[in-house]
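# Descriptive analysis of the structure
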Amino acid sequence: MNKHARVDERPIPFIDLAAQRRRLGSAVDEAIARVVAHCQFINGPEVRVLETALAAFCGARHAIACSSGTDALRLVLMAWGIGPGDAVICPTFTFCATAEVVALCGATPVMADVEPDSFNLDPASCERALATAERLGLKPRAIIPVDLFGLPADHDAIAAVAARHGAMVLDDAAQSFGATYKGRKLGALAAATATSFFPAKPLGCYGDGGAIFTDNDALATRLRSLRVHGETPGDKYDAAHIGITGRLDTVQAAVLLEKLKIFPEEIAARNVVAERYAAGLAGLAGVPRVGKEATSVWAQYTIRLGGGRRDALSAALTAEGIPTAIYYRKPLHRQAAYRDFPLAEGGAPVAERLAEEVLSLPMHAYLEAAVQDRIIAAVRRALAG
Ligand SMILES: Cc1ncc(COP(=O)(O)O)c(C=O)c1O
C-alpha cells in the first residue's frame, strides 16, 4: 500500500444490531405493538408460538422459553435435583455462567481443559475431571460442554465419557443455537440443551431471554413448573417444587419470532464472512477451523496470535476504529470466584495459552465486504509492522 494513502479510521461496530433492525423494517415494531395492544405481557400467546417454532427449527420435542441463558442452565440442574455433594464438569475456557449455575445449586463445578483447535471441552480432560471429582468424594452427576463461539463441541466423545460415569449431559449452547453436529442441530443432541437470546447472540432478543430444549416429556413438564415458582399445573397458588421467576416476557417472544424468520439467511451470511476472514488471514494468524462434522453460527470470529503479538494487534486495530474483544482473558480457574473449585488432574495448559492468544474480530451477518476488507488490510498491516 502507498504509505501516503490515508487510512480509513471511521469506527466499525463489533456487532451491528442497527443494520439488522433496518433489514427487519417495521416487522419488529408491529410485533411489539401487538403485544402492547393485547396486554398479555407474561405468558402471552407469542410465547407458545415461539416455543413451537424453536422446537421445529432445531428438531427437539420440547422448547421451554425462559428468562436468560443462565436461568436455562440453572433450571435444568434444579430439575435434575443437582446439589451439595454433586460434581458437574465444566470447561474452564467459557463465560462464567456455565459454572456459576452449578455453584448456585450448591454443587461443585470441576473445571476441565479444552482442545486447541475447537476451544471446546477436551473429552480426555473431562474424563480426568470426573476422576478428580470421584477422588474428592463427589458424585459426578453432569457434564456441561459449551459450544464456544458458535461451534459444536465433540458431542459423541463427550456422550461416551458421560455414559461411562453415569452422568447427564447439559449442553451450553448459549453461543451456538442454529449450529449443527453430524447433520443435527444443537438442541436435539443432549439430554437437555440451554441457549441464550442475549441481544449480541446469533439469535438475540431486545433484552434478556433464553430457552431449554429436550426430548424428555417429564423433564419438560418439570421445567415448565420450575420457571414459574414450581407451580402445580392449573393451580399457580399451589407450589409443587421450589422454583424461580424464570419466564420469557411476551414482548421478547414477539421479537424473537420476527428474528427467527431471517435467522437461516443470517447464519449463511455469517458463514460467508467467516470464509472471507479465513481466506484473508490464513498464514498470518491462527484462524478457526470447522471440521467436516459440524457447522458454526460464528457467534465470534476468534483468531490466535502467539508470541505476545495479540495485545499489540488489538491496540493497532483500535487506533484504526476497529473494535476487538478478548474472550476470555482469564480461564475460570484463574478467576477469584472460581479458583478454589477443583481443576482436572493435568491442569488446563491449553486454556491458559488460549487466554494469552485469542482475539475476536467484528462478526455479524451484515458485515459488508468493503468493511471487512478494511479490517483484513488493517490486520495484515499491523502484523507486517
Ligand atoms: C457460554 C455461555 N453460557 C451462558 C451464558 C449466559 O447467558 P445469559 O447472558 O443469557 O444469561 C452465556 C452468555 O453470554 C454464555 O456465553
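Quick summary incoming for the structure in this document. Please read these numbers as outputs of a predicted model, since none were measured by experiment. (Residues numbered from 1 in each chain as written. Predicted model: local features only at pLDDT ≥ 70, side-chain atom pairs only at ≥ 80, totals over all residues. Heavy atoms only, no water.)

### Describing the overall build of the chain
When its secondary structure is counted, the chain shows 12 helices and 14 strands. The C-alpha atoms of the chain give 21 Å as radius of gyration, which agrees with the globular expectation for 385 residues (21 Å, within 12%). Overall, the C-alpha framework of the chain stretches about 75 × 60 × 35 Å when taken along its three principal axes. For the chain, buried positions account for 54% of its 385 residues. Expressed as a percentage of contacts within the chain between residues at least 6 apart in sequence, the contacts between residues at least 24 apart total 73%. Within the structure as shown, the chain displays about 16100 Å² of accessible surface, and the carbon and sulfur contribution to it stands at 54%. The centroid of the 41 positive side-chain charges in the chain is displaced by 3 Å from the centroid of its 42 negative side-chain charges. (Helix = DSSP H or I, 4+ residues; strand = E, 2+ residues; numbered from the N terminus. Rg over C-alpha atoms; globule rule 2.2 N^0.38 Å. Buried < 20%, exposed > 50% of the residue type's maximum accessible area, 1.4 Å probe, protein only. Contact = heavy atoms within 4.5 Å. Areas by Shrake-Rupley, 256 points an atom, 1.4 Å probe, with all protein chains shown as cover. Lys, Arg positive; Asp, Glu negative; His and termini not counted. Charge placed at Lys NZ, Arg CZ, Asp CG, Glu CD.)

### Here's the deal with the layout of surface pockets
Of the volumes computed, that of the largest pocket is approximately 490 Å³. Counting residues per element, the ones that place at least two in the lining of the largest pocket are helix H4 (69-79), helix H5 (97-104) and strand S8 (192-196). Its residues assigned to classes, the lining of the largest pocket shows 14 nonpolar, nine polar and three charged. (1 Å grid on protein atoms, 1.4 Å probe; cavity = no way out; pocket = protein on both sides within 12 Å on 5 of 7 lines; lining within 4 Å. Points joined across faces, edges and corners; volume = space filled by probe spheres on them. Nonpolar A, V, L, I, M, F, W, Y, C, P; charged D, E, K, R; others polar.)

### What to know about the pairing of strand S1 (residues 62-66)
Of all five residues that make up S1, five are buried, and the element is covered over most of its length. In this structure, S1 lies alongside strand S9 (residues 210-214), joined through five bridges in antiparallel fashion. Bridge pairing in S9 places Cys 66 opposite Gly 210. (Pairing = 2+ DSSP bridges.)

### A look at the nonpolar core
Counting residues in each nonpolar core, the largest one holds 35 residues, and the members touching the most others are Phe 93, Tyr 277, Tyr 301, Ile 303, Leu 313 and Leu 317. No other element matches helix H12 (residues 369-384), which puts five residues into this core. Beyond its immediate sequence surroundings of up to four residues, Tyr 301 is in contact with Ala 274, Tyr 277, Ala 278, Val 287, Pro 288, Leu 359, Ser 360, Leu 361 and Met 363. Membership of the second largest hydrophobic core comes to 32 residues, among which are Trp 80, Ala 142, Ala 220 and Leu 226. (Core = buried A, V, L, I, M, F, W, Y, C linked by side-chain atoms within 4.5 Å.)

### What about the site of the ligand?
Within the structure, the ligand sits among 14 residues, and Gly 69, Thr 70, Asp 172, Ser 196 and Lys 201 are positioned closest to it. Within the backbone of Gly 69, a nitrogen or oxygen atom sits 2.8 Å from an oxygen atom of the ligand. Between the ligand and Lys 201 there is a distance of 2.6 Å, counted from an oxygen atom to a side-chain nitrogen or oxygen. Here the ligand loses 90% of its free accessible area of 390 Å² to cover by the protein chains. (Near = heavy atom within 4 Å. Polar contact = N/O pair within 3.5 Å; in protein donor to acceptor, adjacent residues only side chain to side chain.)

### Remarks on the sheet that holds strand S12 (residues 294-295)
Pairing is antiparallel in the open sheet, where three strands are placed in the order S7-S6-S12. If you trace the sheet from one side to the other, it starts and ends with strand S7 (184-185) and S12, each paired once.

### Things to note about the packing of aromatic side chains
Counted by the stated rule, this structure contains 12 aromatic pairs. Ring centres of Phe 177 and Phe 213 lie 5.1 Å apart, and the angle between their planes is 5 degrees; on these two criteria the pair is classed as stacked. Remark: Phe 213 occurs in strand S9 and Phe 177 occurs in the loop between strand S5 (168-172) and strand S6 (180-181); sequence separation between them is 36 residues. The same class applies to Phe 177 as to Phe 213, namely buried. One aromatic cluster is present, formed by Phe 93, Phe 119, Phe 149, Tyr 327 and Tyr 328 through successive ring pairs. Sitting over the face of the ring of Phe 57, Lys 185 holds its NZ or CZ atom 4.5 Å from the ring centroid. (Phe/Tyr/Trp six-rings, centres within 6.5 Å; stacked < 30°, edge-to-face > 60°. Lys NZ or Arg CZ within 6 Å of the ring centre and 35° of its normal.)

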